[in-house]
Amino acid sequence: MHYFGNNIRILVNNLVVSYTDNGPEEAPVIIFLHGFPLNKTMWDKQLDALNENYRVIAYDIRGHGDSETGTDDFSIELFVADLLNLMNALRIDKASLCGLSMGGYIALNAIENHPERFDAVVLSDTNCIADPPKVKQKRQDTIESIKAFGVEKYVNDSIVNLFAPESFIAHKEVIRNVKEMIINTTEQSLSKTLLALSRRKATCSKLPEITIPVLFLVGEEDKITVPEASELMREKITNSTLHIISHAGHLSNMENPDEFNDRLKTFFETVYKKPELLQTAACISVFSQIRHRLNMLLTFSSI
Ligand code: MLT
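None of these values were measured; they are calculated from a predicted model. Residue numbering note: each chain is counted from 1, following its sequence as written. Note on the predicted model: pLDDT of at least 70 is required for a residue's local features to be given, and 80 or more for side-chain atom pairs to be given and counted; whole-chain, interface and lining totals, by contrast, use all residues. Heavy atoms throughout the structure, all of them, feed into the side-chain values; hydrogens and water do not.

## Thoughts on the pairing of strand β3 (residues 29–33)
Under the convention used in this document: Exposed residues in this analysis have more than 50% of their type's maximum accessible area, buried residues have under 20%, and partly exposed residues fall in between, with area computed by a 1.4 Å probe over protein chains only. Runs of E in the DSSP output that reach at least two residues are strands. Runs of H or I that reach at least four are helices, and both are numbered from the N terminus. A pair of strands is considered paired only if DSSP assigns at least 2 bridges between the two. Here, the term right-handed applies to a crossover whose path from the first strand over the helix to the second runs clockwise when the strands point away from the viewer.
β3 sits mainly inside the fold: five of its five residues count as buried. The two faces of β3 match: Val-29, Ile-31 and Leu-33 on one face and Ile-30 and Phe-32 on the other face are all buried. Both β3 and strand β4 (residues 55–59) contribute to a ladder of five bridges, which runs parallel. What sits directly across from Leu-33, in β4, is Tyr-59. The handedness of the β3 to β4 crossover, carried by helix α1 (residues 44–50), is right-handed. The pairing of β3 with strand β5 (residues 95–100) spans four bridges and is parallel. Residue pairing for β5: Leu-33 is matched across the bridge by Gly-99.

Quick look at the structure:
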(Lines give C-alpha, C1' and ligand atoms only; values in the text may rest on other atoms or scores of the structure.)
Protein backbone atom coordinates (compact mmCIF):
# COMPACT_ATOMS: atom_id res chain seq x y z
CA MET A 1 0.00 0.00 0.00
CA HIS A 2 1.43 3.36 -1.00
CA TYR A 3 0.30 6.49 0.85
CA PHE A 4 0.33 9.90 -0.77
CA GLY A 5 0.06 13.17 1.09
CA ASN A 6 1.79 15.52 3.48
CA ASN A 7 3.47 14.79 6.81
CA ILE A 8 3.28 11.02 6.56
CA ARG A 9 5.12 9.23 9.35
CA ILE A 10 7.27 6.17 8.72
CA LEU A 11 9.77 4.15 10.75
CA VAL A 12 13.22 4.40 9.12
CA ASN A 13 16.49 3.27 10.73
CA ASN A 14 14.64 2.92 14.09
CA LEU A 15 13.42 6.48 13.86
CA VAL A 16 10.09 8.10 13.00
CA VAL A 17 10.62 10.19 9.87
CA SER A 18 8.09 12.66 8.50
CA TYR A 19 7.78 12.98 4.74
CA THR A 20 5.59 14.36 1.99
CA ASP A 21 4.90 12.24 -1.08
CA ASN A 22 2.93 13.56 -4.03
CA GLY A 23 2.53 13.05 -7.78
CA PRO A 24 1.85 10.08 -10.05
CA GLU A 25 2.74 6.74 -8.51
CA GLU A 26 4.55 5.38 -11.58
CA ALA A 27 6.37 8.60 -12.47
CA PRO A 28 10.11 9.15 -12.00
CA VAL A 29 10.90 9.89 -8.35
CA ILE A 30 12.65 13.04 -7.16
CA ILE A 31 13.69 13.24 -3.50
CA PHE A 32 14.36 16.65 -1.97
CA LEU A 33 16.91 17.15 0.83
CA HIS A 34 16.67 20.34 2.85
CA GLY A 35 19.38 22.61 4.26
CA PHE A 36 20.38 23.23 7.88
CA PRO A 37 18.51 23.95 10.11
CA LEU A 38 15.37 23.96 8.02
CA ASN A 39 12.82 21.29 7.12
CA LYS A 40 10.97 19.73 4.20
CA THR A 41 8.58 22.68 3.81
CA MET A 42 11.40 24.73 2.28
CA TRP A 43 10.66 22.73 -0.90
CA ASP A 44 6.90 23.45 -1.06
CA LYS A 45 7.14 25.58 -4.21
CA GLN A 46 9.29 23.00 -6.01
CA LEU A 47 6.93 20.15 -5.10
CA ASP A 48 3.96 22.16 -6.41
CA ALA A 49 5.79 22.92 -9.66
CA LEU A 50 6.84 19.32 -10.36
CA ASN A 51 4.16 17.08 -8.90
CA GLU A 52 2.15 16.84 -12.12
CA ASN A 53 4.85 14.86 -13.92
CA TYR A 54 7.00 13.44 -11.14
CA ARG A 55 6.57 11.66 -7.87
CA VAL A 56 8.09 14.22 -5.51
CA ILE A 57 9.18 13.34 -2.00
CA ALA A 58 10.55 15.71 0.64
CA TYR A 59 11.39 14.50 4.14
CA ASP A 60 12.61 15.95 7.40
CA ILE A 61 16.20 14.94 8.06
CA ARG A 62 16.53 13.48 11.57
CA GLY A 63 16.35 16.14 14.28
CA HIS A 64 14.58 18.57 11.94
CA GLY A 65 10.93 19.40 11.30
CA ASP A 66 8.68 16.58 12.47
CA SER A 67 11.24 13.77 12.33
CA GLU A 68 12.62 12.32 15.56
CA THR A 69 16.17 13.02 16.70
CA GLY A 70 17.15 9.59 18.03
CA THR A 71 20.12 8.93 20.27
CA ASP A 72 22.92 8.37 17.72
CA ASP A 73 25.52 11.03 17.00
CA PHE A 74 24.71 12.74 13.71
CA SER A 75 26.94 12.41 10.67
CA ILE A 76 26.53 12.85 6.92
CA GLU A 77 27.01 9.06 6.61
CA LEU A 78 24.10 8.50 9.02
CA PHE A 79 21.94 10.92 7.04
CA VAL A 80 22.81 8.97 3.86
CA ALA A 81 21.87 5.71 5.58
CA ASP A 82 18.52 7.30 6.53
CA LEU A 83 17.96 8.33 2.91
CA LEU A 84 18.68 4.82 1.57
CA ASN A 85 16.50 3.26 4.27
CA LEU A 86 13.67 5.62 3.40
CA MET A 87 13.98 4.65 -0.28
CA ASN A 88 13.94 0.97 0.69
CA ALA A 89 10.93 1.43 2.97
CA LEU A 90 9.06 3.17 0.14
CA ARG A 91 10.25 0.49 -2.33
CA ILE A 92 12.06 3.00 -4.52
CA ASP A 93 14.94 1.35 -6.37
CA LYS A 94 16.11 4.45 -8.16
CA ALA A 95 15.47 8.16 -7.79
CA SER A 96 16.88 11.57 -8.54
CA LEU A 97 17.99 13.86 -5.73
CA CYS A 98 17.75 17.59 -5.23
CA GLY A 99 19.70 18.84 -2.23
CA LEU A 100 20.43 22.32 -0.96
CA SER A 101 23.56 23.04 1.10
CA MET A 102 23.53 20.34 3.85
CA GLY A 103 21.08 18.49 1.60
CA GLY A 104 23.72 18.79 -1.14
CA TYR A 105 26.43 17.31 1.15
CA ILE A 106 24.12 14.34 1.72
CA ALA A 107 23.20 14.02 -1.96
CA LEU A 108 26.82 14.16 -3.08
CA ASN A 109 27.90 11.55 -0.54
CA ALA A 110 24.95 9.33 -1.54
CA ILE A 111 25.57 9.43 -5.30
CA GLU A 112 29.33 8.96 -4.91
CA ASN A 113 28.93 5.90 -2.72
CA HIS A 114 25.73 4.37 -4.11
CA PRO A 115 25.67 5.43 -7.78
CA GLU A 116 23.44 2.52 -8.78
CA ARG A 117 20.51 4.01 -6.81
CA PHE A 118 20.38 7.39 -8.56
CA ASP A 119 19.38 8.71 -11.99
CA ALA A 120 20.46 12.34 -11.63
CA VAL A 121 21.18 15.00 -9.03
CA VAL A 122 20.61 18.71 -8.50
CA LEU A 123 23.23 20.25 -6.20
CA SER A 124 22.11 23.62 -5.02
CA ASP A 125 24.10 26.16 -2.99
CA THR A 126 26.49 23.53 -1.73
CA ASN A 127 30.13 22.47 -1.68
CA CYS A 128 32.34 19.37 -1.69
CA ILE A 129 35.06 20.56 0.69
CA ALA A 130 35.35 19.74 4.39
CA ASP A 131 35.19 22.60 6.89
CA PRO A 132 38.48 24.51 7.13
CA PRO A 133 39.78 24.90 10.75
CA LYS A 134 38.34 28.43 11.05
CA VAL A 135 34.84 27.24 10.14
CA LYS A 136 35.14 24.25 12.50
CA GLN A 137 36.00 26.66 15.32
CA LYS A 138 33.07 28.91 14.39
CA ARG A 139 30.69 25.94 14.58
CA GLN A 140 32.07 25.08 18.05
CA ASP A 141 31.56 28.71 19.14
CA THR A 142 28.01 28.57 17.81
CA ILE A 143 27.29 25.42 19.83
CA GLU A 144 28.56 27.22 22.97
CA SER A 145 26.57 30.34 22.15
CA ILE A 146 23.33 28.36 21.66
CA LYS A 147 23.95 26.67 25.01
CA ALA A 148 24.52 30.03 26.73
CA PHE A 149 22.00 32.30 25.01
CA GLY A 150 19.42 30.01 23.43
CA VAL A 151 18.07 29.43 19.93
CA GLU A 152 16.52 32.90 19.45
CA LYS A 153 19.89 34.64 19.33
CA TYR A 154 21.10 32.00 16.90
CA VAL A 155 18.13 32.69 14.61
CA ASN A 156 18.92 36.39 14.47
CA ASP A 157 22.65 35.81 13.99
CA SER A 158 22.28 33.22 11.23
CA ILE A 159 19.41 34.66 9.21
CA VAL A 160 21.50 37.56 7.83
CA ASN A 161 23.79 35.17 5.95
CA LEU A 162 21.05 33.05 4.44
CA PHE A 163 19.48 35.61 2.10
CA ALA A 164 20.43 38.19 -0.50
CA PRO A 165 19.96 41.71 0.95
CA GLU A 166 17.03 42.42 -1.39
CA SER A 167 15.15 39.36 -0.10
CA PHE A 168 14.72 41.01 3.31
CA ILE A 169 12.50 43.55 1.56
CA ALA A 170 10.98 41.47 -1.24
CA HIS A 171 10.31 38.18 0.60
CA LYS A 172 9.26 39.04 4.14
CA GLU A 173 7.02 36.01 4.43
CA VAL A 174 9.80 33.65 3.35
CA ILE A 175 12.07 35.20 6.00
CA ARG A 176 9.34 34.70 8.63
CA ASN A 177 8.90 31.04 7.60
CA VAL A 178 12.60 30.34 7.70
CA LYS A 179 12.92 31.96 11.15
CA GLU A 180 10.10 29.73 12.35
CA MET A 181 11.78 26.62 10.94
CA ILE A 182 14.99 27.48 12.82
CA ILE A 183 13.30 28.38 16.10
CA ASN A 184 11.41 25.08 16.01
CA THR A 185 14.65 23.10 15.80
CA THR A 186 15.74 21.95 19.25
CA GLU A 187 18.98 23.06 20.84
CA GLN A 188 20.08 19.42 20.97
CA SER A 189 19.49 18.90 17.25
CA LEU A 190 21.22 22.17 16.32
CA SER A 191 24.32 21.13 18.28
CA LYS A 192 24.34 17.58 16.96
CA THR A 193 24.02 18.77 13.37
CA LEU A 194 26.65 21.51 13.74
CA LEU A 195 29.05 18.84 14.99
CA ALA A 196 28.18 16.54 12.07
CA LEU A 197 28.74 19.35 9.58
CA SER A 198 32.11 20.24 11.10
CA ARG A 199 33.23 16.60 10.98
CA ARG A 200 32.10 15.88 7.44
CA LYS A 201 34.67 14.60 4.97
CA ALA A 202 35.52 16.25 1.67
CA THR A 203 33.85 14.61 -1.32
CA CYS A 204 35.70 16.55 -4.06
CA SER A 205 38.18 13.84 -5.11
CA LYS A 206 35.37 11.55 -6.27
CA LEU A 207 33.64 14.17 -8.44
CA PRO A 208 35.30 13.00 -11.71
CA GLU A 209 33.80 9.52 -11.15
CA ILE A 210 30.24 10.85 -11.29
CA THR A 211 28.60 9.90 -14.58
CA ILE A 212 24.92 10.67 -13.94
CA PRO A 213 23.60 14.08 -15.06
CA VAL A 214 24.27 16.85 -12.54
CA LEU A 215 22.74 20.30 -12.39
CA PHE A 216 24.37 22.92 -10.16
CA LEU A 217 22.20 25.81 -9.05
CA VAL A 218 23.47 28.62 -6.85
CA GLY A 219 22.22 32.03 -5.78
CA GLU A 220 24.28 34.84 -7.30
CA GLU A 221 24.68 36.35 -3.83
CA ASP A 222 25.23 33.17 -1.85
CA LYS A 223 27.75 34.10 0.87
CA ILE A 224 27.87 30.64 2.53
CA THR A 225 28.55 28.46 -0.51
CA VAL A 226 29.71 30.96 -3.10
CA PRO A 227 29.05 30.49 -6.85
CA GLU A 228 32.79 29.92 -7.48
CA ALA A 229 32.56 26.73 -5.38
CA SER A 230 29.85 25.37 -7.70
CA GLU A 231 31.91 26.34 -10.74
CA LEU A 232 34.92 24.42 -9.37
CA MET A 233 32.75 21.33 -8.85
CA ARG A 234 31.13 21.63 -12.26
CA GLU A 235 34.54 21.63 -13.96
CA LYS A 236 35.28 18.20 -12.47
CA ILE A 237 32.09 16.47 -13.67
CA THR A 238 31.72 15.81 -17.38
CA ASN A 239 27.96 15.45 -17.47
CA SER A 240 27.12 18.64 -15.58
CA THR A 241 25.80 22.16 -16.03
CA LEU A 242 25.67 25.20 -13.79
CA HIS A 243 23.12 27.95 -13.59
CA ILE A 244 23.39 31.01 -11.36
CA ILE A 245 20.05 32.05 -9.86
CA SER A 246 19.52 35.81 -9.97
CA HIS A 247 18.13 37.84 -7.05
CA ALA A 248 19.04 35.10 -4.61
CA GLY A 249 21.45 34.29 -1.80
CA HIS A 250 21.95 30.92 -0.07
CA LEU A 251 18.29 29.86 -0.10
CA SER A 252 17.97 30.30 -3.86
CA ASN A 253 14.96 27.97 -4.25
CA MET A 254 12.93 30.12 -1.85
CA GLU A 255 14.21 33.52 -2.97
CA ASN A 256 13.65 33.00 -6.68
CA PRO A 257 11.40 29.93 -7.04
CA ASP A 258 10.33 30.74 -10.61
CA GLU A 259 13.84 30.70 -12.03
CA PHE A 260 14.83 27.75 -9.84
CA ASN A 261 11.77 25.73 -10.92
CA ASP A 262 12.26 26.49 -14.62
CA ARG A 263 15.76 25.07 -14.38
CA LEU A 264 14.57 21.99 -12.49
CA LYS A 265 11.86 21.31 -15.08
CA THR A 266 14.20 21.66 -18.04
CA PHE A 267 16.81 19.47 -16.38
CA PHE A 268 14.43 16.65 -15.45
CA GLU A 269 12.76 16.75 -18.87
CA THR A 270 16.18 16.00 -20.34
CA VAL A 271 17.00 13.34 -17.76
CA TYR A 272 13.74 11.47 -18.07
CA LYS A 273 13.45 12.02 -21.79
CA LYS A 274 10.52 13.46 -22.93
CA PRO A 275 6.95 14.07 -23.12
CA GLU A 276 5.79 10.51 -23.98
CA LEU A 277 7.06 9.22 -20.68
CA LEU A 278 5.77 12.24 -18.83
CA GLN A 279 2.37 12.08 -20.54
CA THR A 280 2.10 8.37 -19.74
CA ALA A 281 2.95 9.24 -16.17
CA ALA A 282 0.28 11.94 -16.11
CA CYS A 283 -2.36 9.47 -17.44
CA ILE A 284 -1.35 6.91 -14.86
CA SER A 285 -1.65 9.64 -12.27
CA VAL A 286 -5.24 10.39 -13.23
CA PHE A 287 -6.08 6.66 -13.11
CA SER A 288 -4.39 6.15 -9.78
CA GLN A 289 -6.19 9.16 -8.31
CA ILE A 290 -9.53 7.77 -9.53
CA ARG A 291 -8.60 4.37 -8.09
CA HIS A 292 -7.62 5.98 -4.80
CA ARG A 293 -10.92 7.91 -4.59
CA LEU A 294 -12.88 4.73 -5.44
CA ASN A 295 -11.04 2.85 -2.71
CA MET A 296 -11.87 5.58 -0.24
CA LEU A 297 -15.54 5.55 -1.30
CA LEU A 298 -15.66 1.78 -0.90
CA THR A 299 -13.98 2.02 2.50
CA PHE A 300 -16.38 4.67 3.74
CA SER A 301 -19.50 2.95 2.33
CA SER A 302 -18.54 -0.26 4.14
CA ILE A 303 -18.12 1.48 7.53
C1 MLT B 1 22.93 24.79 5.16
O2 MLT B 1 22.25 25.68 4.62
O3 MLT B 1 22.60 23.61 5.10
C4 MLT B 1 24.17 25.19 5.93
O5 MLT B 1 24.51 26.49 5.62
C6 MLT B 1 25.29 24.23 5.67
C7 MLT B 1 26.55 24.61 6.39
O8 MLT B 1 26.52 25.38 7.35
O9 MLT B 1 27.61 24.12 5.97
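## Things to note about the confidence of the model for the protein chain
Heads up, the condition is: Residue-level confidence of the predictor, termed pLDDT, takes values from 0 up to 100. Should any heavy atoms of two residues lie within 4.5 Å, those residues are considered in contact.
On average, the protein chain scores 92 in pLDDT, and the residues at 70 or more come to 90%. Note that pLDDT drops below 50 for residues 281–303; the model gives that stretch nine contacts with residues more than four away or on any other chain.

## Remarks on the pattern of salt bridges
Applied cut-off: Salt bridges, as used here, are contacts in which a Lys or Arg side-chain nitrogen is within 4 Å of a carboxyl oxygen on Asp or Glu.
As enumerated under the stated definition, the model contains 11 salt bridges in all. Notably, a salt bridge pairs Arg-55 with Asp-21, separated by 2.7 Å at the nearest N-O pair. With Arg-55 in strand β4 and Asp-21 in strand β2 (residues 15–22), this pair connects stretches of sequence that are 34 residues apart. Neither residue differs from the other here; Arg-55 and Asp-21 are each classed as buried. Among the salt bridges present, the one from Lys-201 reaches Glu-77, with a minimum N-O distance of 3.6 Å. In this pair, Lys-201 is assigned in the loop between α8 (187–199) and β7 (214–219) and Glu-77 in helix α2 (residues 76–89), connecting sequence segments 124 residues apart. Among the charged side chains, a network of salt bridges with common partners joins Lys-40, Asp-60 and Asp-66.

## As for empty space enclosed by the protein
We apply this condition: Buried and open spaces are told apart on a 1 Å grid over the protein atoms alone, a cavity being a set of points where a 1.4 Å probe fits but cannot get out and a pocket being an open set with protein on both sides within 12 Å along at least five of seven lines. Residues with an atom within 4 Å of a point are the lining residues. Grid points are joined across faces, edges and corners, and a volume is the space filled by probe spheres set on the points. Residues are grouped as follows: Ala, Val, Leu, Ile, Met, Phe, Trp, Tyr, Cys and Pro are nonpolar; Asp, Glu, Lys and Arg are charged; every other residue, Gly included, is polar.
Under the criterion given, the structure shown has two cavities of 30 Å³ or more. Looking at the largest cavity, its volume works out to about 70 Å³. Along its surface, the largest cavity is lined by Ile-76, Glu-77, Tyr-105, Asn-109, Asn-127, Cys-128, Ile-129, Arg-200, Lys-201 and Thr-203. Counting residues per element, the ones that place at least two in the lining of the largest cavity are α2 and α3 (102–113). Of the residues contributing to the lining of the largest cavity, the split by class is four nonpolar, three polar and three charged. The computed volume of the second largest cavity comes to approximately 40 Å³. Contributing to the lining of the second largest cavity are Val-12, Leu-15, Val-17, Tyr-59, Asp-60, Ile-61, Arg-62, Asp-82 and Leu-86. Going through the elements one at a time, β2 and α2 are the ones with two or more residues in the lining of the second largest cavity. Across the lining of the second largest cavity, the residue classes break down as six nonpolar, no polar and three charged.

## Some details on the side chain of His-64
Take His-64: it is sitting in the loop between β4 and α2. Setting aside anything within four residues of it in sequence, one finds His-64 in contact with His-34, Phe-36, Pro-37, Leu-38, Met-102, Thr-185, Ser-189 and Thr-193.

## Some remarks on the state of the cysteines
The condition that has to hold: To count as a disulfide, a pair of cysteine sulfur atoms needs to be within 2.5 Å.
By the definition in use, this model includes one disulfide. A sulfur-sulfur distance of 2.2 Å marks the disulfide that ties Cys-128 to Cys-204. Handedness of the Cys-128-Cys-204 disulfide follows from its S-S torsion of about 100°: it is right-handed. A residue pair is termed long-range when its members are at least 10 positions apart, and Cys-128 in the loop between β6 (118–124) and α4 (133–149) and Cys-204 in the loop between α8 and β7 qualify at 76 residues. Of the two residues, Cys-128 and Cys-204, neither departs from the other in class, the shared state being buried.

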